[in-house]
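Listed here are the chains, written in short residue letters.
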Amino acid sequence: MKKTKTPFKRNTLPKSPTSIQGLDEITGGGLPKGRPTLVCGSAGCGKTLFAMEFLVRGAMKYNEPGVFVSFEESESELIANVASLGFDLPGMIADKKMWLEHVHVEKSEISQSGEYDLEGLFIRIHHAIESIKAKRVVLDTIESLFSGLPNPLILRAELRRLLHWLKRKGVTTIITAERGNGAFTREGLEEYVSDCVILLDHRVSDQSSIRRLRIVKYRGSTHGTNEYPFLIDEDGFSVLPVTSLGLNYSSSRERISTGISRLDTMLSGKGYFRGSTVLVSGTAGTGKTSIASQFIEAACKRGERVLFFTYEESPAQLVRNMCSIGINLEPWVNKGLLHFHAVRPTLYGLETHLTTSIKLINEFKPAIVILDPINAFVIGDNQVEVKAMLLRLVDFLKLKKITAFFTSLTSAGDNMEMSDVYVSSLIDTWLLLRDIEVGGERNRGLYVLKSRGMEHSNQIREFKLTNRGIELVDVYVGADGVLTGSARLSQETKDKAEQLLRKQEIVRKQYGIERKREAMQANILLLRSEFEAEESEALKVIGIEKARIERFTQDAAIMAKSRRGDTNIKQTAKVKKI
Amino acid sequence: MKSKINKRHKFPVKGENSKWYLRLFVAGQTQKAIKAFNNLKFICEEKLSGQYRIEVIDLLKNPQLARDNQIVAIPTLIRNNPLPTKNIIGDLSDKECVLVGLDLTEHNSTLYM
């Protein structure tokens, strides 16, 4: 028999999916199957929840029952704690999907005499695993044994034995540990757990908390090495890696009106793309929120749902203010088409903002989402984080084909085109509002800085807030440069007067020519009549002369006749010639 | 004083030896288990002759009992009676520690006799 050489097959490490949102993407499939993973972090960073979610989701989704060995919380406490996340532990325990084992060690009740081992713990874990045929085990803060039992040397050796034993059993284990000074864990457990170490971090920067997750090591597998923000909310644990969302969303060709007809015209006559990201940036008081409101009104009239995140104004104030420019948003709120979500940006950290936003969007299912303004999030120097958050939000919205409308306040004097949060790369259509200060006046100008995928106007429009909404007016571009406001108005009246003057001049000239023509024609008539008079006079003279000659001839003939001569005829002819 | 303590720790007493009820948790007949049992027997004979009862529980046969009694370390000796419950872990080779752990030092031992 001929042996065929099989090509080397790339075998990836078998993995145990966590089904924790985002984590499986970073780890490339989950935690190492059948091996221990160390999850460490300081107090309150979500270690227990992480571990519990790993078990619960494993049991529910992958039919891998789990044993939770808790060294700190009792069974009833655990059940109560995770019930708020919607995990029905008692039900799972009854279905033999979950086993809670509370290992209680109380130092004051225990004294030591001679050598001991942890065989009791082994037996308990073994019994639990065998009872429900568990595939996953969690040891929640096994380090607390160190404070409960004497003789750390024995404990260390026993823990090492326990981890080897669990590995031999082939159960996927999570060991949680408190973060120690300088080291990952207080008791140096990372020495024993060498397959996968995940670090959870909960830090406060600028008075808002950020949770982060980092995979410190993952033996035998590639993994994301960044610090990824994660969240704990009523749905549990979720990691939000930027990379978990690829750039593979489909794009709509549908266009939606901006609510301002002349702005539509500027954007090749149709408005924004559906599902695109629109940014309106400008200095204070240039009418960013007004443009947003006009857009909202147009959307609500089409029957679309709009979710408005306002970070600076309360909904009531916003509705009142928009009434002043003739936009009444209240009916849409009452109809349920418009929903306001008003929170202070400082209320919670960026990640929580992101998830609450995403959650609200998922619940409300809007066609349009407004964030007013995005730079409210920028506190101190967290621009990179804000950008990362917005990037993830934009990705999410694009995936859902929701049109995002951001406003951004740029401080005066800054480079206007350098948006505060450096989000320009995320933006599809960017409208810039700016002050034009001429002649002791401040006027608003609007132009389209960029608009991907459509023809757009390169003109600055003057932007007016009237009590009938927003109006865009052509700015005056003439010999004196770009004029707006009353300067534009006065220039326009000046122009009008000039035009009138010119018209009058033309009329005057035409009148003059007419008069000249009339004079000329009168002259012609006069000349003609003069000529005619002279002509008739001349003819009369000619006639008289002719008649005289005739008469002379006749007289001569008569005379000749009377003289009876015939030679005289010639003489008469001669006389005539003379 | 004596009667007060006795009253507080009123306990259903069954059989004459049950005044001292000690349970020794082991996992199989290991060296450590045998050593612990012998050490315990020796101390009890010396201090509590005739008033004690030792129950050896093999957790390999009854793993459920480990959970019920919160056993982590092996061997574990639990003094169930008299109260309060006392736990001593180890092979009981340190006699002084056992006596302190069981409140059997000279001062206290007379209290219960």
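## A look at the overall build of chain B
- Helix and strand content of chain B: five helices and four strands.
- Along chain B, helices and strands appear, N-terminal first, in the series α-β-α-β-α-β-β-α-α.
- Relative to its full complement of 113 residues, chain B shows a buried share of 31%.
- Across chain B, contacts joining residues at least 24 apart in sequence account for 67% of those joining residues at least 6 apart.

## Some thoughts on the overall build of chain A
- Counting its regular elements, chain A contains 15 helices and 25 strands.
- Looking at chain A residue by residue over its 578 residues, the buried ones come to 40%.
- Looking at chain A alone, contacts between residues at least 24 apart form 70% of all its contacts between residues at least 6 apart.

## Notes on the pairing of strand S16 (residues 306-310) of chain A
Residues and elements named next belong to chain A.
- Judged by how many residues are buried, S16 sits mostly within the fold: five of five residues are covered.
- What you see with S16 is no split at all: Val306, Phe308 and Thr310 on one side and Leu307 and Phe309 on the other are buried throughout.
- Pairing of S16 with strand S18 (residues 368-372) involves five bridges; the strand directions are parallel. Paired with Phe309 across the bridge in S18 is Leu371.

## Describing the interface of chain B and chain A
- Tallying the contact residues gives 29 residues for chain B and 21 residues for chain A.
- Every element with two or more residues in the side of chain B that touches chain A is listed here: helix H3 (64-68), strand S4 (86-89) and helix H4 (95-101) of chain B.
- At four residues, the largest contribution of residues to the side of chain B that touches chain A is made by H4 of chain B.
- Its residues assigned to classes, the side of chain B that touches chain A shows 17 nonpolar, eight polar and four charged.
- Two strands pair when backbone bridges link them, and strand S6 (residues 110-112) of chain A and S4 of chain B are joined in this way by three bridges, in the parallel orientation. Bridge pairing links Ile110 of chain A to Asn87 of chain B in S4 of chain B.

## A look at the sheet that holds strand S2 (residues 52-58) of chain B
- Taking strand neighbours across the sheet as the criterion, the five strands line up as S6(A)-S4(B)-S3(B)-S1(B)-S2(B) in an open arrangement whose pairing is mixed. Sheet topology places S6 of chain A together with S2 of chain B at the edges, where each strand pairs with a single neighbour. Geometrically, the sheet is characterised by an average inter-axis angle of 25° between neighbouring strands, direction not taken into account.
- Across five bridges, the pairing between strand S1 (residues 20-26) of chain B and strand S3 (residues 76-81) of chain B is antiparallel. Bridge pairing links Leu22 of chain B to Arg79 of chain B in S3 of chain B.
- Docked against the sheet, helix H2 (residues 31-47) of chain B engages S1, S2 and S3 of chain B, running at close to 165° with respect to S1 of chain B.

## Things to note about the sheet that holds strand S20 (residues 429-438) of chain A
All names here are of chain A.
- Strand order in the open sheet formed by nine strands is S17-S16-S18-S19-S15-S20-S21-S22-S23, with mixed pairing between adjacent strands. The open sheet has two edge strands, strand S17 (338-342) and strand S23 (469-474), and neither has a second partner. Between one strand and the next, the sheet's axes are offset by a mean angle of 25°, whatever the strand orientation.
- Where S20 lies against strand S21 (residues 441-451), 10 bridges are found, and the strand directions are antiparallel. Across the sheet, the residue bridging to Asp435 is Arg444, located in S21.
- Running over the sheet, helix H12 (residues 350-364) touches S16, S17 and S18 and is turned about 155° from S16.

## Section: the packing of H12 of chain A against helix H13 (residues 383-399) of chain A
Residue and element names in this part refer to chain A.
- Close contact between H12 and H13 brings their axes to 10 Å; oriented N to C, the two are set at 15°. On the basis of their axis angle, the class for H12 and H13 is roughly parallel. For the element pair H12 and H13, the recorded crossing hand is right-handed. When H12 is examined against H13, the residues Leu350, His353, Leu354, Ser357 and Ile358 are found in contact with a partner set consisting of Glu385, Val386, Met389, Arg392, Leu393 and Phe396.
- Considered class by class, the residues forming the contact of H12 with H13 number seven nonpolar, two polar and two charged.

## Comments concerning H2 of chain B
Residue and element names in this part refer to chain B.
- The first and last C-alpha atoms of H2 sit 24 Å apart over 17 residues, in line with the 24 Å expected at 1.5 Å per residue.
- Three or more residues of H2 are buried, namely Lys32, Ala33, Ala36, Asn39, Leu40 and Cys44. Buried residues of H2, seen end-on, are gathered within an arc of 135° and therefore sit on one face of the element. Those residues of H2 that are exposed and aimed more than 90 degrees away from the buried face are Gln31, Glu45 and Glu46.

## Side note on helix H2 (residues 47-61) of chain A
All names here are of chain A.
- Relative to the 21 Å expected for 15 residues at 1.5 Å per residue, H2 spans 21 Å between its end C-alpha atoms, a close match to the ideal helical length.
- Counted residue by residue, H2 has 12 buried out of 15 residues, so it is predominantly covered.
- Every buried residue belonging to H2 is among Lys47, Thr48, Phe50, Ala51, Met52, Glu53, Phe54, Leu55, Val56, Arg57, Gly58 and Ala59, and all of these are buried.
- Positive backbone phi, at 55°, marks Asn63, one or two positions downstream of H2.

## Considering the confidence of the model for chain B
Residue and element names in this part refer to chain B.
- Per-residue confidence for chain B averages 74 on the pLDDT scale, and 77% of its residues sit at or above 70.
- Across residues 1-17, confidence stays below pLDDT 50; counting only partners more than four residues off in sequence or on other chains, it has 11 contacts.
- Note that pLDDT drops below 50 for residues 108-113; the model gives that stretch six contacts with residues more than four away or on any other chain.
- For this predicted complex, the interface score ipTM comes out at 0.79, alongside a pTM of 0.65.

## Comments concerning the pairing of S18 of chain A
Residues and elements named next belong to chain A.
- Burial within S18 is extensive, with five of its five residues counted as buried.
- Residues Ile368, Ile370 and Asp372 point to one face of S18 and Val369 and Leu371 to the other, with burial holding for every one of them.
- Pairing geometry for S18 and strand S19 (residues 403-409), over four bridges, is parallel. Bridge pairing in S19 links Ile370 to Phe405.

Thresholds applied
- Residues numbered from 1 in each chain as written.
- Chains lettered and ligands numbered in written order.
- Predicted model: local features only at pLDDT ≥ 70, side-chain atom pairs only at ≥ 80, totals over all residues.
- Helix = DSSP H or I, 4+ residues; strand = E, 2+ residues; numbered from the N terminus.
- Buried ≥ 20, exposed ≤ 12 C-beta atoms within 10 Å, placed from the backbone.
- Contact = placed C-beta atoms within 7 Å.
- Pairing = 2+ DSSP bridges.
- Nonpolar A, V, L, I, M, F, W, Y, C, P; charged D, E, K, R; others polar.
- Axes fitted to C-alpha atoms, helices over the stretch in contact; angles between N-to-C directions.
- Parallel < 35°, antiparallel > 145°, perpendicular 65-115°, else oblique.
- Left-handed = near helix turned anticlockwise from the far one by under 90°.
- Expected span 1.5 Å × (residues − 1).
- Arc of directions from axis to C-beta.
- pLDDT = per-residue confidence, 0-100.

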